[in-house]
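Read off the chains here:
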Amino acid sequence: MNDESRPPYQVSDIFACARCGFCCQGETTVSLDRHDQDRMVAALHMSREEVAAKYWRITGSVVQMQIRDGHCIFYHPDQGCTVHEGRPWRCRQWPLHPSMLAEEANFLTITTSCPGFAQEMEYEEFCRIFRALLAQGDAGKFAA
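What counts as what
Residues numbered from 1 in each chain as written. Predicted model: local features only at pLDDT ≥ 70, side-chain atom pairs only at ≥ 80, totals over all residues. Heavy atoms only, no water. 1 Å grid on protein atoms, 1.4 Å probe; cavity = no way out; pocket = protein on both sides within 12 Å on 5 of 7 lines; lining within 4 Å. Points joined across faces, edges and corners; volume = space filled by probe spheres on them. Helix = DSSP H or I, 4+ residues; strand = E, 2+ residues; numbered from the N terminus. Pairing = 2+ DSSP bridges. Axes fitted to C-alpha atoms, helices over the stretch in contact; angles between N-to-C directions. Parallel < 35°, antiparallel > 145°, perpendicular 65-115°, else oblique. Contact = heavy atoms within 4.5 Å. Expected span 1.5 Å × (residues − 1). Buried < 20%, exposed > 50% of the residue type's maximum accessible area, 1.4 Å probe, protein only. Salt bridge = Lys/Arg side-chain N within 4 Å of Asp/Glu carboxyl O.

A few words now on the layout of surface pockets. A volume near 700 Å³ is recorded for the largest pocket. What lines the largest pocket is a set of 36 residues, among which Cys23, Cys24, Arg90, Cys91 and Trp94 lie closest to the centre. Elements represented by at least two residues in the lining of the largest pocket include exactly strand S6 (80–81) and helix H3 (89–93). The element that contributes the greatest number of residues to the lining of the largest pocket is H3, accounting for three residues.

Written as structure tokens, this is what we have:
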């Protein structure tokens, strides 16, 4: 892409996933909408039934990823997210969460826990770029 066709900002201006797994830790899990499920099934090259049996926790109509040893079932210490191309929209969005624009404390909490952020960036600059990304519709598009 040449500079003339480059959008004014890219997500990589403020964030590049380090695949450290910090956001994959915890005892809570991510709910999967139908698009998430379809994307995951395609990325894993398995049938929906196989993926459901091996990776999902299904309670009534709610489909969630399983948790193993305090991590998302797809997190591997040496590889990071093993379903990165098929990860759910919530995982694709994180850590660029709109709450970061509401309060600087939210920005500081998230950026200090995530090594993927441009650490030298001031809050005002982050907000300017993040708002522009939201206006461009690009905030949910993370670099691989």
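So, on to the pairing of strand S1 (residues 56–59). Examined bridge by bridge, S1 and strand S2 (residues 62–65) share four bridges and lie antiparallel to one another. Across the sheet, Arg57 pairs through a bridge with Gln64, a residue of S2. The turn joining S1 and S2, which pair antiparallel and follow one another in sequence, is formed by two residues; a positive phi near 65° is taken by Gly60.

Let's shift gears to the packing of helix H1 (residues 34–44) against helix H2 (residues 48–55). Close contact between H1 and H2 brings their axes to 10 Å; oriented N to C, the two are set at 100°. Here H1 is positioned roughly perpendicular relative to H2, judged by the angle of their axes. Of the residues in H2, those touching H1 at Arg34, Gln37, Asp38, Val41 and Leu44 are Arg48, Val51 and Tyr55.

On to the environment of Leu134, then. For Leu134, the position within the fold is in helix H6 (residues 123–136). In sequence terms Leu134 and Pro98 are 36 residues apart; their C-alpha atoms lie 9.0 Å from each other.

The next subject is H6. The terminal C-alpha atoms of H6, which comprises 14 residues, lie 20 Å apart, in line with the 20 Å expected from a rise of 1.5 Å per residue. Considered for burial, the residues of H6 that qualify are Tyr123, Phe126, Cys127, Ile129, Phe130, Ala132 and Leu133. Contacts made by the buried residues of H6 are with helix H4 (99–102) and helix H5 (104–113). Within two residues after H6, Gly137 carries a phi angle of roughly 80°, on the positive side.

The next point concerns the pattern of salt bridges. Summed over all chains, the structure comprises three salt bridges. For the salt bridge of Asp36 with Arg39, the shortest nitrogen-to-oxygen distance reads 2.5 Å. Of this pair, Asp36 and Arg39 are both found in helix H1, three residues apart, which corresponds to roughly one turn of the helix. Of the residues examined, Asp36 reaches a relative accessible area of 0% and is grouped as buried. Between Asp38 and Arg48 there is a salt bridge, and its shortest N-O distance comes to 2.1 Å. Remark: Arg48 occurs in helix H2 and Asp38 occurs in helix H1; sequence separation between them is ten residues. Classification of Asp38 by relative accessible area gives partly exposed; the value is 34%. By relative accessible area, which is 23% here, Arg48 ends up partly exposed. Bridged by salt links that share partners, the residues Arg34, Asp38 and Arg48 form one connected network.

Next up on the list: the environment of Gly116. Tracing the sequence through the fold places Gly116 in the loop between H5 and H6. Between the alpha carbons of Gly116 and Cys17 there is a distance of 4.9 Å; along the sequence they are 99 residues apart. The residues touching Gly116, leaving out its near neighbours within four places in the chain, are Ile14, Phe15 and Ala16.

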